[in-house]
Amino acid sequence: MTSSTPTLRDVAAEAGVSPMTASNALRGKPGVKESTRAKVIAAAKKLNYRINLTASMLKSGRSNIIHIIVNEFDSPFYSKLTQALSNEIVSRGLIPFIEQTQYSPDAAEHALSSNPFSGQLFDGEILHATGLGTNVPLSKLNGGRPFVLLDACEETPTVDAVNFPNEEAERAAMQHLIDRGCRNIAIVGHRFAPRADLAHAQNAFALRLRGACGALSDAGLPYDESMVFEAGDVANGIIAGHAIAERILAARSGHGGTEFDGACCANDFAAFGVIRGLADRGLRVPQDVKVIGFDGVTSGSYTDAGVEPHPGRFHAAREILGRHAVRTYRSWNRRGVAAKTGHHRLPAGGPGIDRGLRMTPRWQAIRHRQQPSRPIPLNRNHSIGINRHHSSRNL
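Residues numbered from 1 in each chain as written. Predicted model: local features only at pLDDT ≥ 70, side-chain atom pairs only at ≥ 80, totals over all residues. Heavy atoms only, no water.

## Topic: the packing of aromatic side chains
Think of a pair of aromatic rings as described by two things: how far the centres are apart, and how the planes are tilted against each other in angle. Under the counting rule described, the total for this entry stands at seven aromatic pairs. Between phenylalanine 77 and tyrosine 78, the ring centres sit 5.0 Å apart and the planes meet at 80 degrees, which makes this aromatic pair edge-to-face. We classify phenylalanine 77 as buried; its relative accessible area is 8%. For tyrosine 78, a relative accessible area of 5% gives the class buried. Relative to tyrosine 103, the ring of tyrosine 78 has its centre 6.5 Å away and its plane inclined at 80 degrees; by these criteria the two rings are edge-to-face. Here tyrosine 78, found in helix α5 (residues 76–91), pairs with tyrosine 103, found in the loop between β2 (95–100) and α6 (105–113); they are 25 residues apart in sequence, far enough to count as distant. You can call tyrosine 103 partly exposed: its relative accessible area is 36%. (Phe/Tyr/Trp six-rings, centres within 6.5 Å; stacked < 30°, edge-to-face > 60°. Buried < 20%, exposed > 50% of the residue type's maximum accessible area, 1.4 Å probe, protein only. Helix = DSSP H or I, 4+ residues; strand = E, 2+ residues; numbered from the N terminus.)

Written out as structure tokens, the structure reads:
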């Protein structure tokens with residue numbers, strides 16, 4: 001060596017490969033044999049070589065660091081989603097940088113535009129948008145870098161997005177309760193909205209409410225304000241569970257109320273709270289009330305009601321979401337513009353809540369605002385997760 005600091009060429013020479021192969025091996029990029037990668041890594045360790053990120057960025061104009069922004073870390077759903085995104089990013093030889101917003105639009109704006117690294121270090125962002133208002137100008141905050149939203153739920157996409165099938169999946173969840181014989185079903189999640197207002201829903205919970213409402217309508221069952229309880233977490237789910245139980249007990253004692261026999265919840269944590277709230281008032285799940293959730297978090301299997309979470313199915317959906325989010329970013333990055341990358345959705349429906357991916361290209365939606373484009377099938381046999389908090393074994 002000509003200096004005391006080893007270079008990439010020194011590592012390549014020690015391993016007997018080209019500098020390009022050595023670089024790809026050290027960065028974890030695909031296309032390098034595992035035996036070759038191991039040989040390069042061993043050479044780097046022997047020479048005490050460290051990648052010079054500054055020099056690499058100056059040479060390539062890229063850092064290969066992807067900014068992941070999610071609502072929170074203290075949630076099994078987000079920890080698994082972040083893991084899926086991180087795994088996909090790393091598998092492509094990129095580096096994840098993860099940040100949380102705590103559901104705050106101000107925090108999202110800060111993460112995109114005021115983070116000390118935003119304008120210098122990140123090559124692009126992947127943001128989970130649930131809980132953020134549509135009035136946040138997300139597409140204008142990140143300085144033109146590649147940008148992908150998760151669960152954006154916009155009627156007319158303004159940025160590239162990958163969405164869960166919120167409406168279809170909750171419709172399937174409600175239909176499952178109906179198929180199990182439920183006729184007085186409480187809806188737990190979004191605040192009540194008239195059917196007409198739900199026609200232009202643009203957030204996950206509103207879309208889930210629209211799906212539940214649609215299933216009730218198809219079955220000829222009622223939908224009104226008295227059966228909707230707002231709750232998105234365990235604490236508010238417990239409050240909702242108490243309210244549902246009190247209505248049931250009032251009906252049983254002849255003092256009005258409603259004999260609810262089912263509860264369709266917009267997420268699993270609200271469902272856990274409902275189960276606890278019902279238990280506090282002496283009501284059993286599923287004997288008195290059947291409860292269904294949405295997310296497929298594995299902690300559901302530890303509830304007293306005997307939840308069947310189908311974690312493998314939802315794991316597949318998270319992996320697919322991560323893959324398409326990163327693929328959309330890569331497509332954006334290769335072109336230098338976001339045009340024609342797509343608006344992806346993870347649909348679900350029917351028995352088992354299984355159906356394939358679909359894509360509505362964003363550029364078509366912009367050109368044909370009055371005539372939404374026909375979904376294009378992309379993949380098959382992947383599902384979102386629905387936790388069924390009832391009759392845990394014979395579903």
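Okay, back to it.
## Structural notes on helix α7 (residues 166–179)
Along an α-helix, residues three or four apart share an orientation, since each turn contains 3.6 residues. Helix length check: α7 (14 residues) gives 20 Å between terminal C-alpha atoms against 20 Å at 1.5 Å per residue, within 8%. If you check which residues of α7 are buried, you get Asn166, Ala169, Glu170, Ala172, Ala173, Met174, His176, Leu177 and Ile178. Taken from the residues just after α7, glycine 181 is the one with a positive phi, measuring 100 degrees. (Expected span 1.5 Å × (residues − 1).)

## Some details on the nonpolar core
Grouped together as the largest cluster of nonpolar side chains are 40 residues, with contacts concentrated most on Met174, Val188, Leu216, Ile244, Val274, Leu278 and Val291. For this core, the secondary structure elements donating two or more residues are α7, β6 (185–189), α8 (204–218), β7 (228–230), α9 (234–252), β8 (262–265), α10 (268–280) and β9 (290–292). When sequence neighbours within four positions are dropped, the list of residues in contact with leucine 216 reads Met174, Ile178, Ile185, Ile187, Leu221, Pro222, Tyr223 and Met227. Among the nonpolar cores identified, the runner-up in size contains 19 residues, and Ile126, Leu150, Phe164 and Leu321 belong to it. (Core = buried A, V, L, I, M, F, W, Y, C linked by side-chain atoms within 4.5 Å. Contact = heavy atoms within 4.5 Å.)

## Quick notes on the environment of valine 188
With respect to the element layout, valine 188 can be found in strand β6. If near-sequence neighbours (up to four positions away) are discounted, valine 188 is found in contact with Phe229, Ala231, Ala240, Ile244, Cys264, Cys265, Ala266, Ala270 and Val274.

## What to know about the pattern of salt bridges
If you walk through the whole model with that rule in mind, you get eleven salt bridges. A network of salt bridges, in which partner residues are shared, links Arg252, Glu259, Arg284 and Asp288. (Salt bridge = Lys/Arg side-chain N within 4 Å of Asp/Glu carboxyl O.)

## So, the packing of helix α1 (residues 8–15) against helix α2 (residues 19–26)
The relative placement of two packed helices is expressed as an angle between their axes plus a distance between the axes. Packing of α1 against α2 brings their axes to within 8 Å, and their N-to-C directions diverge by 100 degrees. The orientation of α1 relative to α2 falls into the category roughly perpendicular. Facing α1, whose interface residues are Leu8, Arg9 and Ala12, α2 presents Pro19, Ala22, Ser23 and Leu26. Looking at the contact of α1 with α2 residue by residue, the class counts come to five nonpolar, one polar and one charged. (Axes fitted to C-alpha atoms, helices over the stretch in contact; angles between N-to-C directions. Parallel < 35°, antiparallel > 145°, perpendicular 65-115°, else oblique. Nonpolar A, V, L, I, M, F, W, Y, C, P; charged D, E, K, R; others polar.)

## Overview of the pairing of β6
Buried residues dominate β6, accounting for five of its five residues. Along β6, one buried face is formed by Ile185, Ile187 and Gly189 and the opposite face, lined by Ala186 and Val188, is buried too. Summarising the sheet, β6 and β7 pair through three bridges and their orientation is parallel. Across the sheet, the residue bridging to isoleucine 187 is valine 228, located in β7. Chirality of the crossover, the property in question, places the unit of β6, α8 and β7 among those that are right-handed. (Pairing = 2+ DSSP bridges. Right-handed = clockwise from strand over helix to strand, strands pointing away.)

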